[in-house]
Amino acid sequence: MRAILKALSVVLVISMITAFFTGCTAEEKSLFDALVKSSEITSMENSTNLKIHFNVKGLSEEESVIISQIADILNNMEIKVEGKTIQNKEKTALKQDMDLSLSLLGVTMNMGIWQDIDFSGEKPVMTQVMEIPAFFRMYLPEEFYDKQYLVMGQEDLAESEGNTQLNYKKIIELSTTLQNRMLDFVKDNIDEFDPGFVAVTRKENKIVDGETLAVYELKLNDGAFKDLLKYFINNILKSKSTLELFKEVAASFTGLADVAGDGSEEATTEDKELLEEDLSKNIQEFIDKANIALSAFEDVKFIGEKGITITYAVNSEGYIVEENGYIDLVIDTGAIEDASNRMKAKEAGKKIYVNKPSKSYGTYEIGLEFSSAISDINKVEDFELPQVDSSNSISFNDLMGFPNYNLDDYEDYEYVEEDFPFSVLVDYEYLDFTADPYFEGDTLMVEARTVFEALGADVQWNGKDKTVVITKDDISVVLKQNSRTALLNGSEVTLDAPVTVVEGKTMVPAEFVAEAMKVKMELYLEEEILFYTTIEE
């Protein structure tokens, strides 16, 4: 249930932000209309080019050597795709014929890809054929050397008889309903959209093959992108019409509970009620947490100097026939970690003084340069996929060596959850341990020396008495191995679990550390323990 809700949230956020890029000015409305009309195309020829620009700063010399090799590969890579697409108006049937060209370090690899998907009938049709490049054939098992095509059909996706069979027709119907509802929502609310800046501007017309094209440019820098997020969270999400949309879409998503075709109406009804309850109860909590995140990451740059720039060329019939763009992304690992620490502190309702910057693992600059063009809109004639059989092709399952297992054979299989150690932080600095933290019953045990020293204390080992002596200012602690009693400023204190030795390290209850050192300790996301020393109450 939570997974469905999370998926729903992601889909809605991305869809609505994308839609609202083309907001309420005349230019933005014109581009929005072109986007809507282009989504109704039933056939076309298209070509797309993609280049990647990659650079990293702030790494050590050793790390730079490794990353530079990756950068050389990415910066000399170019992807080109040319193809034909045919689909019905309901978007339940699709055929594609694509030629993919990948240029890498001076070597060009070509391959064809074909798809024939039809979910309009009671029995779904799904065939995907990929031409195997000669380069890859060298790495196939010997019996596959002479095969030209890799085929994935419905039988490769479905499991053997008796296992779950997805209702693909219902999935497509739900997807189409969602898309149409989203478009209707944007059309109904576009006049009220006003994030405080203009995202789309009209540029000078261009002439291509004698046809005059209207050109629009969408441009966002880092500040505008964050302003758009703030507007979406604090204005659009709070509106009643948005909440109603969320509920409608949630009701549609619960239909996925029955895509296995088992007719379980009871499960669908329960899922619907739970989803609507979660949406109603948690929408404000989501907004509050999102604002905390936006505030914490206010000074962290995600969009580089070139920003997000996309130009659209629209023909006289209102279709987008060209797109050219550049997306400049920045990932500053040190700044992101610092912002994450600030966000954790704000979520805890506290103020934290950051004593030193978090460790940086470099700043990654990633540029995506792309261009695409479409032609022969609604004029492409039907085409056939390559003829494939056992003499010239292999199935996906044969290649991967996957037989069709029946899950009934594994009814007695017991899932064992792996036990991952807790992370321990002091003022949001992660501590490294020789002996991992572990639970003794309900008591979390941590390395005494590592944690006490991180909290500024002096730790000494008395081999004669087999005790650990910890001192800081007016605080003194004495721990004795295998004892459940400790001395705190001369007074005996009963511990929740006895002091033990693991991998040569003295382990002590984490709560006692916080009590002895007079610091705050709290559990975060059930996977981290935090000790605060620089927090103002």
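My aim in this report is to walk through the structure given alongside it, one point at a time. (Residues numbered from 1 in each chain as written. Predicted model: local features only at pLDDT ≥ 70, side-chain atom pairs only at ≥ 80, totals over all residues. Heavy atoms only, no water.)

1. Quick notes on the overall build of the chain
Moving on, step 1. A tally of regular secondary structure across the chain gives 13 helices and 27 strands.
Moving on, step 2. Counting all 537 residues of the chain, 39% fall into the buried class.
Moving on, step 3. On the chain, roughly 30,500 Å² of surface is accessible, and the fraction owed to carbon and sulfur atoms is 50%. (Helix = DSSP H or I, 4+ residues; strand = E, 2+ residues; numbered from the N terminus. Buried < 20%, exposed > 50% of the residue type's maximum accessible area, 1.4 Å probe, protein only. Areas by Shrake-Rupley, 256 points an atom, 1.4 Å probe, with all protein chains shown as cover.)

2. With respect to the side chain of T467
Moving on, step 1. Mapped onto the elements of the fold, T467 is located in strand 19 (residues 467-472).
Moving on, step 2. Apart from the residues within four sequence positions on either side, T467 is in contact with Q460, W461, N462, V478, L479 and K480. (Contact = heavy atoms within 4.5 Å.)

3. Considering the packing of aromatic side chains
Moving on, step 1. Going through the model one piece at a time under the given rule, you end up with three aromatic pairs.
Moving on, step 2. Consider the rings of W114 and Y149, whose centres lie 6.0 Å apart with planes at 75 degrees: the pair is edge-to-face. Within this pair, whereas W114 is found in strand 4 (residues 107-118), its partner Y149 is found in strand 6 (residues 149-153), the two being separated by 35 residues in sequence.
Moving on, step 3. With a relative accessible area of 11%, W114 lands in the buried category.
Moving on, step 4. Its guanidinium or amino end placed over the ring of Y319, K37 lies 4.9 Å from that ring's centre, counting from NZ or CZ. (Phe/Tyr/Trp six-rings, centres within 6.5 Å; stacked < 30°, edge-to-face > 60°. Lys NZ or Arg CZ within 6 Å of the ring centre and 35° of its normal.)

4. What to know about the nonpolar core
Moving on, step 1. With 30 residues, the main nonpolar core has F452, L479 and F512 as its most contacted residues.
Moving on, step 2. Secondary structure elements with two or more residues in this core: strand 14 (423-426), strand 17 (443-447), helix 12 (448-454), strand 19, strand 20 (475-480), strand 21 (485-488) and helix 13 (510-517).
Moving on, step 3. The element that contributes the greatest number of residues to this core is helix 13, accounting for six residues.
Moving on, step 4. When residues no more than four places from it in sequence are discounted, the contact partners of F512 are V477, L479, A486, V493 and L495.
Moving on, step 5. Counting residues in hydrophobic clusters, the runner-up holds 27 residues, among them A34, A224, I233 and A290. (Core = buried A, V, L, I, M, F, W, Y, C linked by side-chain atoms within 4.5 Å.)

5. Focus: unusual backbone geometry
Moving on, step 1. Even without a glycine there, the phi angle at D209 is positive, about 50 degrees.
Moving on, step 2. Mapped onto the elements, D209 comes out in the loop between strand 7 (200-208) and strand 8 (211-220).
Moving on, step 3. A relative accessible area of 79% means that D209 is categorised as exposed.

6. Some details on the pattern of salt bridges
A side chain of one charge can pair with a side chain of the opposite charge when the charged atoms of the two come close.
Moving on, step 1. Under the criterion given, the structure shown has nine salt bridges.
Moving on, step 2. Among the salt bridges present, the one from E298 reaches K230, with a minimum N-O distance of 2.9 Å. Taken together, the residues span a long stretch of sequence, with E298 in the loop between helix 9 (265-296) and strand 9 (303-314) and K230 in helix 7 (residues 222-236) at a distance of 68 residues.
Moving on, step 3. Using a relative accessible area of 34% as the deciding quantity, one classes E298 as partly exposed.
Moving on, step 4. For E305, the salt bridge goes to K301, with nearest N and O atoms at 2.5 Å. (Salt bridge = Lys/Arg side-chain N within 4 Å of Asp/Glu carboxyl O.)

7. Observations regarding the sheet that holds strand 3 (residues 93-104)
Moving on, step 1. The sheet built from 12 strands is open, its strands ordered 7-8-9-10-12-1-2-3-4-5-6-13 with mixed pairing. Two strands lie at the open edges of the sheet, namely strand 7 and strand 13 (393-395), each paired on one side alone. When the angles between neighbouring strand axes are averaged without regard to direction, this sheet yields 20 degrees.
Moving on, step 2. Docked against the sheet, helix 3 (residues 61-75) engages strand 1 (43-57), strand 2 (77-87) and strand 3, running at close to 155 degrees with respect to strand 1.
Moving on, step 3. Across the sheet, helix 7 touches strand 8 and strand 9, and the angle it forms with strand 8 is around 80 degrees. (Pairing = 2+ DSSP bridges. Axes fitted to C-alpha atoms, helices over the stretch in contact; angles between N-to-C directions.)

8. Considerations on the pairing of strand 1
Moving on, step 1. In the sheet, strand 1 pairs with strand 2 via nine bridges, with the strands oriented antiparallel. By the bridge assignment for strand 2, S47 is matched with E82.
Moving on, step 2. Pairing between strand 1 and strand 12 (residues 363-375): 13 bridges, direction antiparallel. Considered in strand 12, the bridge of K51 is made with E369.

9. Re a nonpolar patch on the surface
Moving on, step 1. Together, F135, F136, M138 and Y139 make up an exposed nonpolar region whose accessible area comes to about 480 Å².
Moving on, step 2. Looking at the secondary structure, you find Y139 in the loop between helix 4 (134-137) and strand 6. (Patch = residues over 30% accessible without salt bridge, like charges linked within 9 Å, V, L, I, M, F, W, Y side chains within 5 Å.)

10. Things to note about the pairing of strand 3
Moving on, step 1. With 11 bridges connecting them, strand 2 and strand 3 associate as antiparallel partners. When the bridges of strand 3 are listed, E78 appears paired with S103.
Moving on, step 2. Connecting strand 2 to the antiparallel partner strand 3 that follows it, the hairpin turn spans five residues, and K91 within it adopts a positive phi of roughly 60 degrees.
Moving on, step 3. One ladder, built from 12 bridges, connects strand 3 with strand 4; its direction is antiparallel. Bridge assignment links S101 to a residue of strand 4, and that residue is N110.
Moving on, step 4. As consecutive antiparallel partners, strand 3 and strand 4 are separated by two residues, and within that stretch L105 has a phi angle of approximately 50 degrees, a positive value.

11. A few points about the environment of V321
Moving on, step 1. Its place among the elements puts V321 in strand 10 (residues 320-332).
Moving on, step 2. On the accessibility criterion, V321 (10% relative accessible area) is buried.
Moving on, step 3. Linking V321 and I377, residues 56 residues apart in sequence, is a C-alpha distance of 8.9 Å.

12. Some remarks on the sheet that holds strand 21
Moving on, step 1. Spatially, 18-19-20-21-22 is the arrangement adopted by the five strands of the open sheet, whose pairing is antiparallel. Looking at strand neighbours, the two that pair on one side only are strand 18 (458-462) and strand 22 (491-494), the edges of this open sheet. Strand after strand, the sheet turns through a mean of 25 degrees between neighbouring axes, direction not considered.
Moving on, step 2. Sheet topology note: the strand 21/strand 22 ladder contains four bridges and is antiparallel. Looking at strand 22, one finds that L487 is bridged to E492.
Moving on, step 3. Along the sheet, helix 13 contacts strand 19, strand 20, strand 21 and strand 22; its crossing angle with strand 20, the most-contacted strand, is approximately 155 degrees.

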